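Take a look at the letters that make up each chain.
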Amino acid sequence: MAVEITEFLLSAQSADTQVRTEAEGRLRLFQEQNLPGFLLSLSLELSNDGKPLESRRLAGIVLKNSLDAKDAATKELLVQRWVSNDMSFRSQIKGLLLSTLGSSVSEAGHTAAQVIAKVASIEIPRKEWPELVGSLLGNMTQQGRPVSLKQATLEALGYVCEEISHNDLVQDEVNSVLTAVVQGMNVTEQSSVRLAATTALYNALDFAQTNFENEMERSYIMKVVCETAMAKEADIRQAAFECLVSIASTYYDVLEPYMQTLFELTANAVKGDEEGVALQAIEFWSSICDEEIELQDFGSGESGDSYPHSRFIEKALSLLVPMLLETLLKQDEDQDQEDGIWNVSMAGGTCLGLVARTVGDAIVPLVMPFVQENISKPDWRSREAATYAFGSILEGPSVEKLSPMVISALDFLLNAMRDENSHVKDTTAWTLSRIFELLHSPATGFSVISPANLQRVMVVLLESIKDSSHVAEKVCGAIYYLVQGYEGFETGSSVLTPYLPDIISSLIATAERTNAGDTKLRSAAYETLNEVVRCSNLAESSQIVTQLLPVVMTKLGQTFELPILSSEDREKQGDLQALLCGVMQVIIQKLSSNDATKPIIFQAADQIMMLFLKVFACRSSTVHEKAMLAIGALAYATGPEFEKYMSEFYKYLEMGLQNFEEYQVCSISVGVVGDICRALDDKMLPYCDNIMTLLLKDLSSADLHRSVKPSIFSCFGDVALAIGENFEKYVPYAMPMMQGAAEVCAQIDTNDEEMVEYGNQLKRSIFEAYSGILQGFKNSKAELMMPHAPHLLKFIELAVKDAHRDETVVRAAVAVLGDLADALGSKVKMLFNELAFCSELLGECLQSEDKQLKETATWTQGMIGRVFSVCG
């Protein structure tokens, strides 16, 4: 059944395109025509030490990709294909994989370990490979086994633990795995085995719950990990610290007896070890902070001390803070220029910020002497570290503690924006943005910015935005938070209005800089411009925003003239169009929010729409998304007038609704259907057949990401509200979908937080659909909904009695209850009579502190009361 495929595998890696393409085609054909033979041939290739490494490597990769995929639908298909093979055939392949662990070529053993884990991820949950763990453990416990076999076996154990759930192994198996792994970490083992064992332990820690509850077993595991963290090889030390980071977050509640040792270990690593090890040592303390912040946010559990808050950070504070401050002086020369760089200095500052959030005011006296001592030193590293330390502790301590310190430092920081060193300016701009984000909120009565210092702040920011691109990007952040602080504070907005023309022109100039090949700076400039427009006081700034509209339209028009010679050019054009469509959306929303400025959008609407349609014609998904959002804003602004654009726009809307692959585009397109329904009302009718067909198709599709489906149900409600009684013909198709989704809600796994949140979104959207349909039918065909009323009431009861419900679900449930009573009147009296939960629910909502919920409940109570009073 197997075929000799070495030649094909080697040719598939050839530099000659024709040879490579032909070989890939042959392999694909073999896979399609005889999958079992294909899998067996790959396994034989991988297991044969006489074959070339190149062909064995590719055989392993193809084998792994035949069992797993990132895409959920493809993965499920591959799983089904594997399990459709008979057990004896699968055993043959598994036997070959296990034998490959002992290969004299370590890379083949490593690859086999990965493939074994992929098979295990399919078979262990199905109880179809019960002997796997025993086979792997045999490799570890039998005397005289070669080092390469032990290493590959430990890798396999680690990968298997990574792939499966801790519920898939019985405790005896977990104990055996941990014993083998911990023995593999022993100092007497060779370093390659110790590294594989330590990595395997990292993957197995989730399985060790019971073992960590037993003091003797826990202490033994901790002793071995701590010893391994002092190994002479840096990669083993790093892997051990990675285990400690994971233990900090998974087993925080049992760490108390080990903290003295852990502090000494981490302090030594931070002070003197290699960067990879030091980073993990700092990460250990960041994980402890995360745990303690969460405990402070959510209390110590409902049963009092079920999950103790040990206050490790508070206890270690006087030693921990100086250790972290020292790390800030270990900057890289080019750390601001490179994206994604992560070093000891950055990790230390991040951890210092988490410590500040954990202990609050107590950190200030420990950090401020370091700031004062270093802020004026001639060495740039000292000045930058002092500024970074100051910026890192602004979240956590109280406003009372911080404000005098920040107010006195503000002038110094503004001067530091002219520092000769680029790193110092970069960190100073970041610190200013943190100050404006956290300590500038005039609406709540406190701000470090006053009319007296605003001018100086603006002068410095608008001067510094011309600096090098990484400094300018941080300055954009500072302007962003500065203007955001004035939102909803009308007198404050007025204070800002005189500066708006300069801010806007500076941001546009920044976005256009020749080095805005630096796309991050261009994005930062346009996103800040959006915030400036959004937060401006329209009564005073309408002329400024109106003048901005044609400027942005011109820039969008210019993007169509950019030379497109490569896919990279097309991508750059798309990114720029996306940013400009984002600005257009904000301007449209701002000007249409006031009757005095709304006509400006009406006058420009034809040109605006023409630009958006040209953007769609460029066919870039990122643009498609942003242009779609901007069109939603235009539809909302122009109302019934939007009808004239529908014939041209509809084809793009249809494309968006069918875009399963880029599901965000599909989701936004569904939202825009809702916007257009609200704008056009019954003028939407000519497009509804096609739109409803597409929406129903989307709901039925297994390929569409589930997150889009709730918005489709809400959209049913929008369509029904728009076209009223004309929605009748869709009821036989929409209702089964809504009722099917309600069944899904009833079966959601309440232990999975993500699924609980999805369930709440789904429930809310189903209620919104019912509300829209009931309101749409209210004046003429309400009786069409009578057969569906019992199911709806049952679903409401299920949703409101769910312990995991959120407020938005309750609000939507109460609203649809009122809509049902309002639309069907006396016809539903009998149904309401049988429902005790209604009065309980309304009673509870009327006591709520949520004003909107209270108002909805009062209205619903009135509607139900009317049902009974009409019936007498």
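Every chain begins its residue count from 1, and numbering advances along the sequence as written. Local features in this predicted model are restricted to residues of pLDDT 70 or higher, and side-chain atom pairs are both shown and tallied only at a pLDDT of 80 or more, whereas totals for entire chains, interfaces and linings draw on every residue. Side-chain metrics in this entry use all non-hydrogen atoms of the structure; hydrogen atoms and water are not considered.

Observations regarding the overall build of the chain
Working definition: helices are DSSP H or I runs of at least four residues, strands are E runs of at least two. Numbering for both runs from the N terminus. Helix and strand counts for the chain come out as 42 helices and 2 strands. Between the two quantities, the radius of gyration covers C-alpha atoms and the globule rule is 2.2 Å times the number of residues to the power 0.38. Relative to its length of 872 residues, the chain is compact, with a C-alpha radius of gyration of 32 Å against a globular reference of 29 Å. Relative accessibility thresholds used throughout: buried, under 20% of the residue-type maximum; exposed, over 50%; partly exposed, between the two (1.4 Å probe, protein chains only). Taken across its 872 residues, the chain has 53% of its residues classed as buried. Considering only intrachain contacts with a sequence separation of at least 6, the fraction spanning at least 24 residues in the chain is 72%. Only the protein chains shown count as cover for residues, with accessible areas throughout obtained via the Shrake-Rupley method and a probe of 1.4 Å. Carbon together with sulfur atoms contributes 50% to the accessible area of the chain, which is approximately 38,400 Å² in total. The contact rule is simple, with two residues in contact once any of their heavy atoms fall within 4.5 Å.

Some thoughts on the side chain of Gln585
With respect to the helices, strands and loops of the structure, Gln585 is situated in helix 29 (residues 567–591). For Gln585, a relative accessible area of 16% gives the class buried. Among all residues touching Gln585, those that are not within four sequence positions of it are Leu629, Ala630 and Ala633.

Comments concerning the packing of aromatic side chains
Two aromatic rings, taken as a pair, are described by how far apart their centres are and by the angle between their planes. Whether two aromatic rings pair depends on their centres lying within 6.5 Å, for rings of Phe, Tyr and Trp, where Trp uses its six-membered ring; planes under 30 degrees apart make the pair stacked, over 60 edge-to-face, and the rest tilted. Enumeration over the complete set of coordinates arrives at 16 aromatic pairs. Seen in terms of ring centroids, Phe284 and Trp285 are 5.3 Å apart; in terms of plane orientation they differ by 90 degrees. Their pairing is edge-to-face. For the pair shown, Phe284 and Trp285 are each scored as buried. With a centroid separation of 6.0 Å and 40 degrees between ring planes, the pair formed by Phe616 and Phe649 is classed as tilted. Taken together, the residues span a long stretch of sequence, with Phe616 in helix 30 (residues 598–617) and Phe649 in helix 32 (residues 646–657) at a distance of 33 residues. Of the two residues examined, Phe616 and Phe649, each falls in the buried class. In textbook terms, an aromatic cluster arises when at least three aromatic residues are bridged by ring pairs, as seen for Phe616, Phe642, Tyr645, Phe649 and Tyr652. Whether a charge sits over a ring comes down to the Lys NZ or Arg CZ being within 6 Å of the ring centre and within 35 degrees of the ring normal. Directly above the aromatic system of Tyr758 lies the positively charged group of Arg706, at a separation of 5.0 Å from the ring centroid.

Details of helix 23 (residues 451–464)
For helix 23, with 14 residues, the first-to-last C-alpha span of 21 Å sits near the 20 Å given by 1.5 Å per residue. Looking only at helix 23, the buried set comprises Asn453, Leu454, Val457, Met458, Val460, Leu461, Leu462 and Ser464. Expected helix span is computed as 1.5 Å times (number of residues minus one).

What to know about unusual backbone geometry
Comment: phi is negative for the bulk of residues other than glycine, and the bulk of peptide bonds are trans. Located in the positive-phi region is Lys127, a residue other than glycine, with phi close to 60 degrees. Looking at the secondary structure, you find Lys127 in the loop between helix 7 (106–123) and helix 8 (132–141). A positive phi angle, close to 50 degrees, is found at Arg311, a residue other than glycine. As for its placement among the helices and strands, Arg311 is situated in the loop between helix 16 (275–298) and helix 17 (312–327). Using a relative accessible area of 38% as the deciding quantity, one classes Arg311 as partly exposed.

Considering the confidence of the model for the chain
Per-residue confidence from the predictor is reported as pLDDT, which spans 0 to 100. Residues of the chain with pLDDT of at least 70 account for 96%, and the chain-wide mean is 91. Note that residues 300–305 has pLDDT below 50 and, in this model, 5 contacts with residues that lie over four places away or in other chains.

Side note on the environment of Glu22
By secondary structure assignment, the location of Glu22 is in helix 2 (residues 17–33). In this structure Glu22 comes out as partly exposed when scored by relative accessible area, which is 49%. A sequence separation of 590 residues divides Glu22 from Phe612, and the C-alpha atoms of the two residues are 43 Å apart.

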